[in-house]
Amino acid sequence: SDGPVGGLGEMNVNEDLLGVREVRFLKGRCLGRASIDADTAEARAAAVSFAQAVIAPIPADGSKPTDDDELKAFVPASGAVAGWDEDPEDTTKGPWLINTSAFDWINGGGKPFEDNGFEAAAGDKYVKSGQPWMLNLELVRMKDAAGAEKAFRGAEWDKGAAP
């Protein structure tokens, strides 16, 4: 079932994707998705651990992030999460940012995000030391926590098996 994970926010794992595990999370005014290109139990645990590290500094009260720089600051720098470094083959160095519309970010499927206060999305690609895994992180800033909750449900980011 869905629910808080160690007081960090709501998190779940989508295991229905072919060859991928996707961890989706909600805390305060931020929604996130971390997808790893492996479907093993070890990769699942690594993706959940990565997502927990991303969630930890995000305020549950929705007080931050209030601007693009604060959103990008929640995207971990290379090496900030133990064993994870920015993908050296990624042509976009540092976190990418989209702050125009949810449709630009999600290829036309961003209605729940736009309808509920989409402000920006940021993310990066990472590789795991000693493993052939690649992880994509997307972190979305909504206008407020209530809008984030509605977007989370409306976009069905709340579907999946609890970790």
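So, here's what we can say about the structure.

Calculation notes
Residues numbered from 1 in each chain as written. Predicted model: local features only at pLDDT ≥ 70, side-chain atom pairs only at ≥ 80, totals over all residues. Heavy atoms only, no water. Helix = DSSP H or I, 4+ residues; strand = E, 2+ residues; numbered from the N terminus. Contact = heavy atoms within 4.5 Å. Salt bridge = Lys/Arg side-chain N within 4 Å of Asp/Glu carboxyl O. Buried < 20%, exposed > 50% of the residue type's maximum accessible area, 1.4 Å probe, protein only.

**A short note on the environment of Val127**
In this structure, Val127 sits in strand β6 (residues 118-128). Linking Val127 and Gly83, residues 44 residues apart in sequence, is a C-alpha distance of 8.3 Å. Among all residues touching Val127, those that are not within four sequence positions of it are Gly83, Trp84, Asp85, Glu86, Asp87, Pro88, Trp133 and Met134.

**Comments concerning the environment of Leu97**
Looking at the secondary structure, you find Leu97 in strand β5 (residues 96-98). What Leu97 contacts, discounting residues up to four positions off in sequence, is Asp68, Leu71, Lys72, Ala120, Ala121 and Ala122.

**Side note on the pattern of salt bridges**
Scanning all chains against the criterion turns up nine salt bridges. Close ionic contact of Lys111 with Asp115 constitutes a salt bridge, the shortest N to O distance being 3.0 Å. Placement of both Lys111 and Asp115 in helix α4 (residues 111-115) is noted, with a separation of four residues, approximately one turn of the helix. Between Asp158 and Arg153 there is a salt bridge; the shortest N-O distance is 3.1 Å. Here Arg153 falls in the partly exposed class, since its relative accessible area comes to 32%. Put simply, Glu22, Arg24, Arg33 and Glu138 are held in one network by salt bridges that share partners.

By themselves, these observations are geometric and do not establish any function.
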